[in-house]
Amino acid sequence: MSPSAQTSGNRSQHRTVALAAMAGTTIEWYDFFIYALCTGLVFGSEFFDGLGEDSLVISFATIGISFFFRPVGAALAGHLGDRLGRRAMLIATLLLMGVSTTLIGLVPSSASIGMSAPVILVLLRILQGLSAGGEWGGAALISVEHAPPGQRGRFGSYPQLGAPLGLLLANGALAAVTALTTDDQFLAWGWRIPFLLSVVLVAAGFVIRRKVEESPVYRELKESGNQSRAPIAVLFKNHWPLVVAGALLFAANNAVGYMTTGGYVQSYSVNHLGMDPTLILICVMVAAVGWLVSTLAGGRLSDRFGRLRVYRIGFVIQLAWMFPFFALLNTANTGLVVVALVLYSIGLGLTYGPQAALFAELYPTAVRYSGAALSYAVGAVLGGAFAPMIAEALQSGTGTVYSVAVYLAGVTVVGLAVTFVLKERKGVPLSEAETEAEAEAEAGDKDEQAVVTA
């Protein structure tokens, strides 16, 4: 094959990988966010109506329950992804999410089948959590490990785009349904339509992901015969501080992001500020575009200035905008709410775009899927699991939404602090990055042995 033909083939595969990662995570997050958005608008009255004033808080708690199963999904997909390859897990997690989401759209309300309704709903949400826990690691790694030299941040940002695109699609689908139905029709059957549409999206994602080749970095590992038989055990023996650091870093982003992706802002705007549901959904859609652009920028800027520097800038913006954001939201003025949400999304994107590249560079290839997936999943538990519920409880308990701002500011400070602990590995080939990680792990083991000996 001529060099030009090989280059053309590489570019074609790069485009396929980018599209597959972005399309798959978009579908996954569309499915995941549809549930979160309907939590504040539908589930409290349709599935938890027998719980009185606490129905909304408990409804938001079901979002958090699924997060506790993310680490389980991450551990399972991580083990299989490090043993069998990234590609197989991409397809498996996509199908699991699609099936569980579609079935949610078919669950009868508690008025029809009593307490069985919320039980079935929660079980399906748990399946969504298992899928979400394993999905991101595969999409992130296959993008970063396929990336051309010097472009890991750019390619790693493509699966990250799935979150704002999924939010855009989820809010768009719900906005269309709320605009075309009456309030009674929406509660009776309209909310089910976006869930049932998942079948079409998953079919499209499945076709795209089947075309992706296995990661070249993973193929080299497999050919060398250096795969770990128990990647999770190796990960926790040698690299557990990195898992904790990565989790805290993502938690600081996730808690802030889940104010919109978890439905709290939508619920607060409708239930406390009296905004029209369709209108606030459209406002969030505009903000999702801003989040998409800043996420893409964050990945590309990290290739130039470093992952950690971009993270720091993003966290500082998050912190600075937290209180002005809620002040503008409280005006319930459509224009000011859009401004608040769009500016809110800038810091969010800068602390999300570089994530895939940073997490991939933290771990050796043999445990990379397990490490990246668990850091992401545990961070999701710490940051996003109960963020909407905590926000709702704080606002209700204190009588002011600024208590939520204090909570989010505190989480952001923790993430900012973590960026000064991690080591920058931008530009270091993944093979060298993993050598460094292994050397650090060995040094840690020697230090522990020295302490024991002493």
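Here the structure is a predicted model, which means the values were calculated and not measured. (Residues numbered from 1 in each chain as written. Predicted model: local features only at pLDDT ≥ 70, side-chain atom pairs only at ≥ 80, totals over all residues. Heavy atoms only, no water.)

Chemist: In this structure, what is going on with the pattern of salt bridges? I would like to understand it.
Modeler: Between side chains of opposite charge, a pair can form when the charged atoms approach closely. The tally for this structure, following the rule as stated, stands at four salt bridges. We note a salt bridge from E145 to R368, for which the minimum N-O separation is 3.1 Å. Within this pair, whereas E145 is found in helix α6 (residues 116-146), its partner R368 is found in helix α20 (residues 365-383), the two being separated by 223 residues in sequence. When sorted by exposure, E145 lands in the same class as R368, which is buried. As a salt-bridge pair, R307 and D303 come within 2.9 Å of each other at their nearest N and O atoms. A residue is classified by how much of its surface remains accessible, and D303, at 16% relative accessible area, is buried. In this structure, a network of salt bridges that share partners links the residues R152, D303, R307 and E361. (Salt bridge = Lys/Arg side-chain N within 4 Å of Asp/Glu carboxyl O. Helix = DSSP H or I, 4+ residues; strand = E, 2+ residues; numbered from the N terminus. Buried < 20%, exposed > 50% of the residue type's maximum accessible area, 1.4 Å probe, protein only.)

Chemist: Is there a simple way to explain the side chain of D31 in this structure?
Modeler: By secondary structure assignment, the location of D31 is in helix α1 (residues 3-46). Of the side chains bearing the opposite charge, R125 lies closest to the buried D31, which forms no salt bridge; the N-O distance is 9.5 Å. Within the local environment of D31, its side chain forms a polar contact with the side chain of S198, the two groups lying 2.9 Å apart. Once you skip the residues sitting within four places of it in the chain, D31 turns out to touch M97, G98, T101, Q128, S198 and V202. (Lys, Arg positive; Asp, Glu negative; His and termini not counted. Polar contact = N/O pair within 3.5 Å; in protein donor to acceptor, adjacent residues only side chain to side chain. Contact = heavy atoms within 4.5 Å.)

Chemist: What is the right way to look at the packing of helix α17 (residues 307-329) against helix α19 (residues 355-362) in this model?
Modeler: Any two packed helices are characterised by how steeply their axes cross, that is the angle between the axes, and by the distance between the axes. α19 packs onto α17 with a crossing angle of 135° between their chain directions and a minimal axis gap of 10 Å. Taken together, the axis directions place α17 and α19 in an arrangement best described as oblique. Crossing of α17 against α19: the hand is left-handed. Contacts between α17 and α19 involve R307, L308 and Y311 on the former and, on the latter, Q355, A357, L358 and E361. Here the contact of α17 with α19 is built from residues that sort into four nonpolar, one polar and two charged. (Axes fitted to C-alpha atoms, helices over the stretch in contact; angles between N-to-C directions. Parallel < 35°, antiparallel > 145°, perpendicular 65-115°, else oblique. Left-handed = near helix turned anticlockwise from the far one by under 90°. Nonpolar A, V, L, I, M, F, W, Y, C, P; charged D, E, K, R; others polar.)

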